[in-house]
Amino acid sequence: MPLEFKFPDIGEGTDSGELLEWHVAVGQEVREDDPLAEVETDKARVTIPCPTTGRVLELRAKVGDRLPVGEVMAVFEPATSAASATRPSAPAAPPPQAPLRPTPVHADQVVPLRGVRRTIARTMTEAWQTIPHIIDYREADATALLAWRDGLRERAGNERMTITPLLLRIAVEALRRHPYVNASIDLEREEITLHADYNIGIATATPDGLIVPVLHGADSKSVAELGNEIYELTTAARERRLHPEQLTGGTFTLNNYGSLGGWIGTPIIKPGEVATLGVGRVQERPVARDGQVIVKPIVALAVSGDHRVLDGHTLGAFVSDVVALIEDPAPVASER
Amino acid sequence: MATLNMVQAIRATLEREMERDERIILLGQDIGRNGGMFRATDGLQERFGEARVVDMPLAEGVIVGSAVGLACSGLRPIPELQFLGFGSQAFHQIEGQVARMRFRSQSRYPMPIVIRAPFGGNVRTPELHSDAHEAKYANSPGLKVVTPASAHDAKGLLTEAIRGEDPVLFCEPLRGYRLIKDAVPDEDYTLPFGRLRIARPGSDVTLVAWSAAVVVAEQAAELAEQEGISCQVVDLRTLVPLDVEGLAKAVSATGRAVVVHEAPLTAGFGAEVVATIVEHAFSALSAPVLRVTAPDAPYPFSSLERAYLPSAERSLGAIRRVMGAA
Amino acid sequence: MSILTTSTGGPTPVRILAPDGSVPDGYRPPLPDSELLAAYRLMLMSRRVDERAFNLQRQGRLGVFSPVNGQEASVIGSAFALDPTRDWVVPQYRELPAMLRQGYTLERFLLYCMGDPEGNRMPDGVNLLPIQISLAAQIPHVVGLAWGLRHQGRDSVVCVYFGDGASSEGDFHEACNLAGVRRAPVIFFLQNNRWAISTPVSKQTGADSFATRATGYGFPGELVDGNDFFAVHEATLLAVARARAGEGPTLIESRTYRMGPHNTADDPTRYVDPEELEAYRALDPVARVRSFLLEAELLSEELEHRMRAEIEEELAAAVAAAEARGAGRPEQIFDHVYADPPPRLLDQRDAITGEAQ
């Protein structure tokens, strides 16, 4: 007889959960307690195990669906004897996930605001409504930056070095010189806090939306370490396996939208910080030098500052230092 | 048959029961050499020794909490709270543990514990001594709440409580300890819980009370008598179990009821009494049921307590109102 | 690796069994080999119950469950110092292995977690009080129990389990104070597992040790490495001997670490520093005993395999038996409230069970 498995109350009084992932496919043989699905409730992200040994007959929800407690989420055909309950010889591969391809919309659709999207919507609303942004746009000659990167790539282990860790290093050096940019403001207590730590958020595009993991203690790490950590954090963000502390405690954010092809953007400041550095893609551009038009690799910067803490000239001084360090990274490139 | 006051009746009962059952052990503050604040245990330590009449540290929570463990070991403890007003310091043990250990352990650990607690006002104590907290305990399932109003009943009900298997909060009226005196038979007897007593017969209005308020109700009945109103006085004796049938019968006989109690009005046990009357004797009522209680204000300092507590005069006002005379 | 000894400063916990499973030269465990293996088997059982119970809970077959994970040496090392035929255990709710040692059954525990009150019924003759959810409320009971047993001429010792969180409750203080006054044969076994749900021990006390509190009550306090089976066991043996000899209570602070969540409804990634957790994983109490037993050639891979297979069978049988009991009956609401129930309650029972039929 088929066993209808209802989504259980897994917290104390949970009413529903969001389905993040199926660990099984229809038709698959499973054992009792094998992972069935990942579900996120208000309290925690949990793995729901299979309730029986047997075969999966139906999966009644799609990734992203909200499962009410008590609703059938899967149907199993329990194994009839112990003989058929042996474990499959190899662990079952997760079912191939369909690529996220937008389907044309023929009529109005209501898409509930859930999960990461809901968090983004709330954070951005707060950011835009409470933080008066001023934005300083600049261009910098990236010749020396690229040379620094290429030099690093020649060393073992650094073959995949990108400019993001280098920009991070430059940003931290500039922040050191301009403590009001690595700060936060509390209007209620009428205080500005200048942070001793340099915890840099790395804006990361993920299939679910923008996630900003935080690289803690960026001032104490080599560019190679920064590179590795950025890779780990952004991968973890895309796979939704960040710990809460990897999402909090940021003091400044780096947004390299250049990696998505962008040239100039409008970075929005994360609430709790007072500035964010947007970096476009490095492109060869004609520039005038000594009366001549020459072609140079150019990177466009857009740096947003919170006008409650920073004025045009204080933000500008910070940006000027960033530009100067991009054009001549010697002060930060010398070490390691 | 001797005439005893309430504290004498209680002391004599404790002594007799301790003789009868050596599993009984008394614990409390000042109950040993001092014989208890009100002498309810006078001479018992001399008689039964320090192992059975135990002077405890000043801590209500562990006086009651250790009684739970003593009961689990097979003994039958009788802890004393010096004043029910201080029972709040032990409330979590009484409500959360004593009252529900039988249920929690599915009868592996019955709780034959009698918590004795003087309570009630009009004795000029300092703050926080005099509160009538009985309703809080009546709302604690698993516990029985006993509230005698005479020396005779104190003996019969205390004996019943000690010999029973359920935990009991035994509320003793402070004001009645010496004021209340009546004939107490020498022989052994028990009074069953859940049977009210008609303290005074009457035909026009039923006054419902318990503990020291029974005396107030009786005084009010006297005053009403002079105006030609005949009042029946009902002494509930035990709040849990409540004599639902007896209450309905008594009120049905007169068609009018006034509840008198020392606790504040809101959510006092009077509310339970009125609701019970409405559920079981509604058709017999010819007037709304009224309550004469303390106001919804903290128990005051001693110079104000006479105005705070229900009096015979205030009760008479309520009697007149249910008679349609005021 | 010394996070246990240095993270709070203050006194150093007694340690015998090192994280690598070694013991000081010449150290002889005070238990026979069979008992050592029984203790290890109970550790394996406890770990497996933690896992299985979590899965059952996530399948909706079990209610709230609190795993023991990380505290096995603390719970089992102490329980093995008691004599279940005369000594008592008074649990909180994270001491299943100690309860099993006393004679409680897995089936009853599963029933308890399934919300059946029968699960909290300790079998007759088994020296256990019920599982206690109201933290610290059981501590005063223990003083009365120990004192009552002694009053009746028995030489029993009562061991009560509670945590760093419960030590903040007034009941703890009142109970210790009374136990000191009465020289009650009690072991106050405080498992300092560092967490009261998400509240770290630094927010529970301003002192650098709980053991030192005993001084104020007039009896000794011992601080042991709670992830060290031998240290816990030896300290408890000493406390049992004192209590049995009429010398009164002992407070043992067993400094351990809750490696799992508070319970199935808790998400510790919100508050536990993963590095701290990793540091404690290196001090795993079960792995330490395993290394010791392998080194002493008391345990073999083959024996361990057999133990695990037996545990699996016992557990499967207990799950099947508990599930076969079915959902609770409404009568159970009323069955054990009073010896002599008020008529009113009987009317309520008839009304509710009548509707339920």
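Predicted model only: the values in this text are computed from it and were never measured. Every chain is numbered on its own, with residues counted from 1 as its sequence reads. Throughout, the order in which chains and ligands are written sets their labels, letters from A for the former and numbers from 1 for the latter. A pLDDT threshold of at least 70 governs which residues receive local features in this predicted model, and a stricter bar of 80 or more applies before side-chain atom pairs are shown or counted, although totals over entire chains, interfaces and linings include all residues.

## Focus: the overall build of chain B
Right, so step 1: Across its full length, chain B holds 13 helices and 14 strands.
Right, so step 2: With respect to the principal axes defined by its C-alpha atoms, chain B has extents near 60 × 40 × 40 Å.
Right, so step 3: To sort residues by burial, count the other C-beta atoms lying within 10 Å of each one's C-beta; a count of 20 or more means buried, 12 or fewer means exposed, and anything in between means partly exposed. C-beta atoms are built from the backbone. For chain B, with 326 residues in total, the buried portion stands at 58%.
Right, so step 4: Residues are defined as contacting one another if the C-beta atoms placed from their backbone atoms lie within 7 Å. Within chain B, residue pairs in contact and separated by at least 24 positions form 80% of the contacts whose partners lie at least 6 positions apart. Strands here mean DSSP runs of E at least two residues long; helices mean DSSP runs of H or I at least four residues long; both are numbered from the N terminus.

## Examining the interface of chain B and chain C
Right, so step 1: Taken residue by residue, the interface counts 37 residues in chain B and 35 residues in chain C.
Right, so step 2: Of all the secondary-structure elements, those providing two or more residues to the side of chain B that touches chain C are α3 (60-72), α4 (91-98) and α5 (101-104) of chain B.
Right, so step 3: Of all the elements, α3(B) adds the most residues to the side of chain B that touches chain C, at nine residues.
Right, so step 4: Classifying every residue of the side of chain B that touches chain C gives 16 nonpolar, 16 polar and five charged. The residue classification treats Ala, Val, Leu, Ile, Met, Phe, Trp, Tyr, Cys and Pro as nonpolar and Asp, Glu, Lys and Arg as charged. All others, Gly included, are polar.

## Remarks on the sheet that holds strand β6 (residues 54-59) of chain A
Residues and elements named next belong to chain A.
Right, so step 1: Any two strands between which DSSP finds at least two bridges are classified as paired. A sheet is described by the order of its strands in space; here four strands give the open sequence β1-β8-β6-β3, paired in antiparallel fashion. Each of the sheet's edge strands pairs with one partner strand only, and the pair in question is β1 (3-6) and β3 (29-30).
Right, so step 2: Where β1 meets strand β8 (residues 72-78), four bridges bridge the pair, whose relative direction is antiparallel. In the strand pairing of β8, K6 is matched with V72.

## Side note on the domain arrangement of chain A
Right, so step 1: Here the limits of each domain have been adopted from an automatic or database domain assignment. The domain boundaries assigned to chain A delineate domain 1 (3-85) and domain 2 (130-333).
Right, so step 2: The straight-line distance from the C-alpha centre of domain 1 of chain A to that of domain 2 of chain A is 42 Å.

## Some points on the arrangement of the chains
Right, so step 1: The protein chains that touch form two pairs of chains, and the pair with the most contacts between them is chains B and C.
Right, so step 2: One finds no contact linking chain A with chain B; the least C-alpha distance across the pair is 21 Å.

## Focus: helix α11 (residues 269-281) of chain B
All names here are of chain B.
Right, so step 1: Counted at 1.5 Å a residue, the expected span for α11 with its 13 residues is 18 Å, and the 18 Å between its end C-alpha atoms agrees.
Right, so step 2: Regarding α11, the residues found buried are F269, G270, V273, I277 and A281. Summarising the axial view, the buried residues of α11 lie within an arc of 105 degrees, below the 170-degree limit, and thus occupy one face. Opposite the buried face of α11, at more than 90 degrees from it, the exposed residues are A275 and E279.
Right, so step 3: Among the structural elements, α6 (134-138), β10 (205-209), β12 (238-240), α10 (244-254), β13 (257-264) and β14 (290-294) are those in contact with the buried residues of α11. Every helix has an expected span of 1.5 Å times one less than the residues it contains. The directions from the helix axis to the C-beta atoms are what the arc is built from.

## Observations concerning the sheet that holds strand β5 (residues 45-49) of chain A
Residue and element names in this part refer to chain A.
Right, so step 1: Taking strand neighbours across the sheet as the criterion, the four strands line up as β5-β4-β2-β7 in an open arrangement whose pairing is antiparallel. A single partner strand is all that each edge strand has here, and the edge strands are β5 and β7 (66-68). The mean angle between the axes of side-by-side strands here comes to 40 degrees, regardless of whether they run parallel or antiparallel.
Right, so step 2: Strand direction decides the pairing type here: strand β4 (residues 35-40) and β5, joined by five bridges, are antiparallel. Bridging across to β5, E40 finds its partner in R45. Helix axes use the C-alpha atoms of the stretch in contact, all axes being lines fitted to C-alpha atoms, and the angles between their N-to-C directions lie in the range 0 to 180 degrees.

## Examining the interface of chain A and chain C
Right, so step 1: Residue-level contacts link 16 residues of chain A with 11 residues of chain C.
Right, so step 2: A per-element tally of the side of chain A that touches chain C places β5(A) first, with four residues.
Right, so step 3: A breakdown of the residues in the side of chain A that touches chain C according to their chemical character gives eight nonpolar, three polar and five charged.

## Quick word on the confidence of the model for chain A
Right, so step 1: You can read pLDDT as the predictor saying how much it trusts each residue, on a scale of 0 to 100. Per-residue confidence for chain A gives a mean pLDDT of 86; residues scoring 70 or more make up 92%.
Right, so step 2: This model gives residues 82-101 of chain A a pLDDT under 50, and the stretch forms 12 contacts once residues within four places in sequence are excluded.

## Examining the packing of helix α2 (residues 33-58) of chain C against helix α11 (residues 285-295) of chain C
Residues and elements named next belong to chain C.
Right, so step 1: Taken N-terminus to C-terminus, the directions of α2 and α11 make an angle of 145 degrees; their axes are 10 Å apart at the nearest point. Crossing hand, α2 versus α11: left-handed. Counted together, L36, Y40, M43 and R47 of α2 and V286, V289, R290 and L293 of α11 form the full contact between these two elements.
Right, so step 2: Of the residues in the contact of α2 with α11, the class split is six nonpolar, no polar and two charged. Throughout, a crossing is termed right-handed when the near helix is turned clockwise from the far one, and left-handed when it is turned anticlockwise from it by less than a right angle.

## What to know about the domain arrangement of chain B
All names here are of chain B.
Right, so step 1: Along its sequence, chain B is carved into domain 1 (2-184) and domain 2 (197-322).
Right, so step 2: Taken together, the contacts link 25 residues of domain 1 with 24 residues of domain 2.
Right, so step 3: Mapped by element, the contributors of at least two residues to the side of domain 1 that touches domain 2 are α6, β6 (144-146), α7 (151-163) and β7 (168-173).
Right, so step 4: For the side of domain 1 that touches domain 2, a count of residues per class yields 11 nonpolar, seven polar and seven charged.

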